[in-house]
Amino acid sequence: MTNEPKFLEVLYKYFDEELGTPSLKNFFLSNKRYVIENSNFKHITATWNARFNQAAADRAIEISNEQPDWIHILEQVLEQRSEDKKKKPQSSSGSHTTISSESNLLTDLQKASFEEKYKSLVRADMWEIEDGVFVEEKMYEYGMAISYEHAAHSFILNIGDPCWETVFTESQLYHIKTQFSKPLPTLEPAIKDFFKKFKNLKDIDDIWKIADEAHFHPIKEFDLDYAKRMILDVISSYRWGNIYRTAVGGGERDLIMLIWRAIDMCFQNLQIDSLRSDQQSVAGSARTNENRMGSDGGIRRKVQAYKPDLILKKEHLEYGASENGYGDEVGVGSKEICEKYLKLPKTLKDMALLLAADMGNEEKKIRKIQVIGIINTHLRMNSMVLDMPADLVKSTIDVVSGFHDESDSDSDSEDRTGYLPSIRSSKTIKIPSALNTTTTTTSKKRKSNNL
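Presented here is a report on the structure given in the accompanying data block. Remember, it's a predicted structure, so these values are computed and weren't measured experimentally. (Residues numbered from 1 in each chain as written. Predicted model: local features only at pLDDT ≥ 70, side-chain atom pairs only at ≥ 80, totals over all residues. Heavy atoms only, no water.)

**A short note on the overall build of the protein**
Spelled out, the test is: Put simply, DSSP marks the helices as runs of H or I at least four residues long and the strands as runs of E at least two long, and each gets a number from the N terminus on. Only protein chains enter the accessibility calculation, which uses a 1.4 Å probe; a residue is then buried when its area is under 20% of its type maximum, exposed when over 50%, and partly exposed in between. Contact between two residues is taken to exist if any of their heavy atoms lie within 4.5 Å; hydrogens are not considered. Residue burial considers only the protein chains on display, and all accessible areas are found by Shrake-Rupley using a 1.4 Å probe.
When helices and strands are tallied, the protein shows 16 helices and nine strands. Expressed as a percentage of the 451 residues in the protein, the buried residues total 47%. A separation of at least 24 residues holds for 69% of the contacts in the protein among residues at least 6 apart in sequence. Put simply, the protein shows about 23,900 Å² of open surface, and 51% of that area lies on carbon and sulfur atoms.

What follows is the structure in structure tokens.
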């Protein structure tokens with residue numbers, strides 16, 4: 001409950017002692033430990049804002065809307081929960097421990113697996129971003145220092161994760177982001193011109209008229225035709241209030257059907273299927289069952305892999321995935337953070353490795369692999385691109401990024417695509433798979449949380 005007296009008393013005390021304009025940001029700075037120890041991982045932003053606003057209303061005082069660094073607070077809450085779990089006995093079954101939470105506490109077996117993968121790397125082939133500074137080594141040190149699962153344990157370097165700001169210097173991060181960056185494709189001039197026609201328009205009828213009067217060939221001008229169809233579709237929903245009502249009182253599936261299905265439609269001309277049938281990723285299933293044959297010769301029961309909300313698939317290969325959520329906590333909800341920084345990146349790595357295997361693990365081809373990920377939360381969308389751009393075992397680090405550096409477009413790469421020059425296509429490489437966590441047997445009655 002947000003109106004529990006114990007919270008109000010602490011907030012009243014803060015108001016009495018605050019010399020400036022009260023804000024949640026300043027309250028956290030002066031009551032850091034209290035906030036961390038009295039925060040539920042779910043709905044933390046909404047809960048503390050409700051508590052703060054109620055206390056301010058009780059005292060009839062003006063407050064500032066300044067917010068603390070909620071991502072930092074959530075990291076501290078996770079650390080606290082991990083420490084608490086260490087003090088409690090864990091039930092185990094065989095060599096696996098099942099833990100149900102937003103972020104899995106690592107078992108000794110998983111830590112050993114992570115350490116084994118690191119020791120298999122050759123230092124001379126690691127990604128050296130400065131003299132004596134190796135990316136894999138930094139990731140390993142960070143991974144061994146934390147007790148809950150992180151993408152680093154799967155050798156995935158998500159440069160959008162704020163944790164790396166405490167591991168690498170600003171110049172080192174810039175080097176990581178730019179060394180092998182490849183510009184994202186730009187919109188065609190015709191599409192830009194079409195979008196410009198809607199600039200500064202606010203009246204629904206005016207927007208509808210421009211889109212309705214445009215005529216594009218459905219095959220030769222697919223992207224333009226798609227843009228027109230989606231604009232008309234969304235405008236119709238705005239006109240009748242569907243978007244507002246769904247945003248206020250709908251659910252995750254309602255938003256998919258009303259808005260985010262536009263993502264499914266944009267790949268039609270590529271003959272890529274958008275699958276939302278609550279199914280496992282083929283690549284994820286291959287990874288979670290990679291050690292199915294036991295040492296005694298027996299075959300273990302099949303493990304159910306993680307199920308993304310959307311899989312982009314063409315024939316037998318997967319090229320992307322998406323996660324959807326309804327609750328909006330300004331980017332710091334537990335579901336969104338877990339999917340953005342752990343679940344989706346691991347799924348994308350599984351897909352990238354299966355694509356690499358389909359190409360015979362030829363290095364030059366692997367450098368060109370890019371797998372896309374999309375996070376739709378309420379009415380917001382974030383995207384990421386996972387690739388394997390570095391040299392030899394440097395590709396054990398998968399950089400998830402939307403980074404776009406115009407200055408990199410003139411790379412002197414041999415094939416003019418922004419990759420390393422002089423890569424021999426006959427060379428093959430082996431990339432470690434992502435870390436396996438919770439193990440659950442396949443069941444048609446329930447959805448596994450296996451990552």
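**Observations concerning the pattern of salt bridges**
Counted only if it meets this: The term salt bridge refers to a side-chain nitrogen of Lys or Arg lying within 4 Å of a carboxyl oxygen of Asp or Glu.
Enumeration according to the criterion identifies 17 salt bridges in this entry. Two residues, Glu336 and Lys340, come together in a salt bridge whose shortest N-O distance is 3.8 Å. Remark: Lys340 and Glu336 occur in helix α15 (residues 334-358); sequence separation between them is four residues, near one turn of the helix. Like Glu336, the residue Lys340 is buried in the burial classification. For the salt bridge of Glu363 with Arg367, the shortest nitrogen-to-oxygen distance reads 2.6 Å.

**With respect to the nonpolar core**
Buried together is how nonpolar side chains tend to be arranged in soluble globular proteins. The condition that has to hold: We call a set of buried residues a nonpolar core when its members are Ala, Val, Leu, Ile, Met, Phe, Trp, Tyr or Cys and they connect through side-chain atoms within 4.5 Å of each other.
The biggest cluster of nonpolar side chains holds 22 residues, and the ones touching the most others in it are Phe15, Phe27, Ile44, Trp48, Phe52 and Ile73. Of all the secondary-structure elements, those providing two or more residues to this core are α1 (5-17), α2 (24-30), α3 (32-37), α4 (44-59), α5 (70-86) and α15. Looking at this core, the element that brings in the most residues is α1, giving six residues.

**What about helix α8 (residues 170-178)?**
Regarding α8, the residues found buried are Gln172, Leu173, Ile176 and Thr178. Tucked into the core, α8 has its buried residues touching β1 (128-130), β2 (133-134), α7 (135-145) and β3 (156-158).

**Considering the pairing of strand β6 (residues 317-325)**
Keep this limit in mind: Strands qualify as paired when DSSP identifies two bridges or more between them.
Most of β6 is tucked away: eight of the nine residues are buried. By the bridge criterion, five bridges tie strand β5 (residues 310-314) to β6 in an arrangement that is antiparallel. Bridge pairing links Lys313 to Glu318 in β6. Taken together, the six bridges between β6 and strand β7 (residues 370-377) define a ladder with parallel strand orientation. Bridge assignment links Glu323 to a residue of β7, and that residue is Ile375.

**A few points about the pairing of strand β8 (residues 380-387)**
In this sheet, β8 lies alongside β7 in antiparallel orientation, the contact comprising eight bridges. Considered in β8, the bridge of Ile375 is made with Asn382. The hairpin turn running from β7 into β8, its antiparallel successor, is two residues long, and His378 in that turn takes a positive phi close to 55 degrees.

Interpretation in functional terms is not warranted from these geometric data alone.
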